[in-house]
Amino acid sequence: MNNCNRNNLPDEVQSQLAVIDQSQWYILIILAAIVLSYYSVNLQKKQLICSATDPEISKCLPSTLPIQAVSSIMVIVALIFFFHLSGETLCNTPCNTKERCRSGLNHLSSTLVLVAALVRFGLLTTAPAQNSQANVIQNETQLDIDVEPAV
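This is a predicted model, so every value here is computed, not measured. (Residues numbered from 1 in each chain as written. Predicted model: local features only at pLDDT ≥ 70, side-chain atom pairs only at ≥ 80, totals over all residues. Heavy atoms only, no water.)

A.B. asks: Describe the pattern of salt bridges, and please don't skip the residues or the numbers.
C.D. replies: All told, the structure shown has 1 salt bridge when counted by the stated rule. A salt bridge links Asp21 to Arg6, with the nearest nitrogen and oxygen atoms 2.6 Å apart. Taken together, the residues Asp21 in helix α1 (residues 11–53) and Arg6 in the segment before α1 connect sequence positions 15 residues apart. Using a relative accessible area of 29% as the deciding quantity, one classes Asp21 as partly exposed. (Salt bridge = Lys/Arg side-chain N within 4 Å of Asp/Glu carboxyl O. Helix = DSSP H or I, 4+ residues; strand = E, 2+ residues; numbered from the N terminus. Buried < 20%, exposed > 50% of the residue type's maximum accessible area, 1.4 Å probe, protein only.)

Shown next as structure tokens:
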């Protein structure tokens, strides 16, 4: 749609279009965060291969923590926008209606997703570095211990 046609639209429609434009922007932020996560996982794969074949080379690869942190922050920023948007929708929905129930569930799910992203970010920033093969082996051993059934 051509932007010059927007001026002829009613104010309410222009307001709705502004919300859609902002939503598209935050969706792009989420997509960029996914690309960063993909890059981070690719680096982790290279680190694993290098640590198994030539540990000296793996020391030259960049740390994935800053990349993962930026990706998480980008997701959190977008989720805050969508959380706020679902809250506004809930507040503007008439009480005792089916739509109000749906808006409430949508806002609850937005809250849970945001909390999950914040917890993940907290775990990411407090986790020990996993760059050495010794840490990977230690974590695999710990996983084996945790999975064994209690006797």
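That was the structure; now back to the text.
A.B. asks: Would you mind going over helix α4 (residues 98–126) in detail, with residue names and values included?
C.D. replies: Between its terminal C-alpha atoms α4 stretches 42 Å, which fits the 42 Å expected from 29 residues at 1.5 Å a residue. Taken together, the buried positions of α4 are occupied by Ser103, His107, Ser110, Leu114, Ala117 and Leu124. (Expected span 1.5 Å × (residues − 1).)

A.B. asks: Before we move on, can you summarise the environment of Ser103 with the specific residues and values?
C.D. replies: Secondary-structure assignment places Ser103 in helix α4. Residue class for Ser103 comes out buried when judged on its relative accessible area of 6%. Here the alpha-carbon distance between Ser103 and Ser86, two residues 17 residues apart in the chain, equals 7.1 Å. Sequence-distant contacts of Ser103, that is, excluding residues within four places in its chain, are made with Thr89, Leu90 and Thr93. (Contact = heavy atoms within 4.5 Å.)

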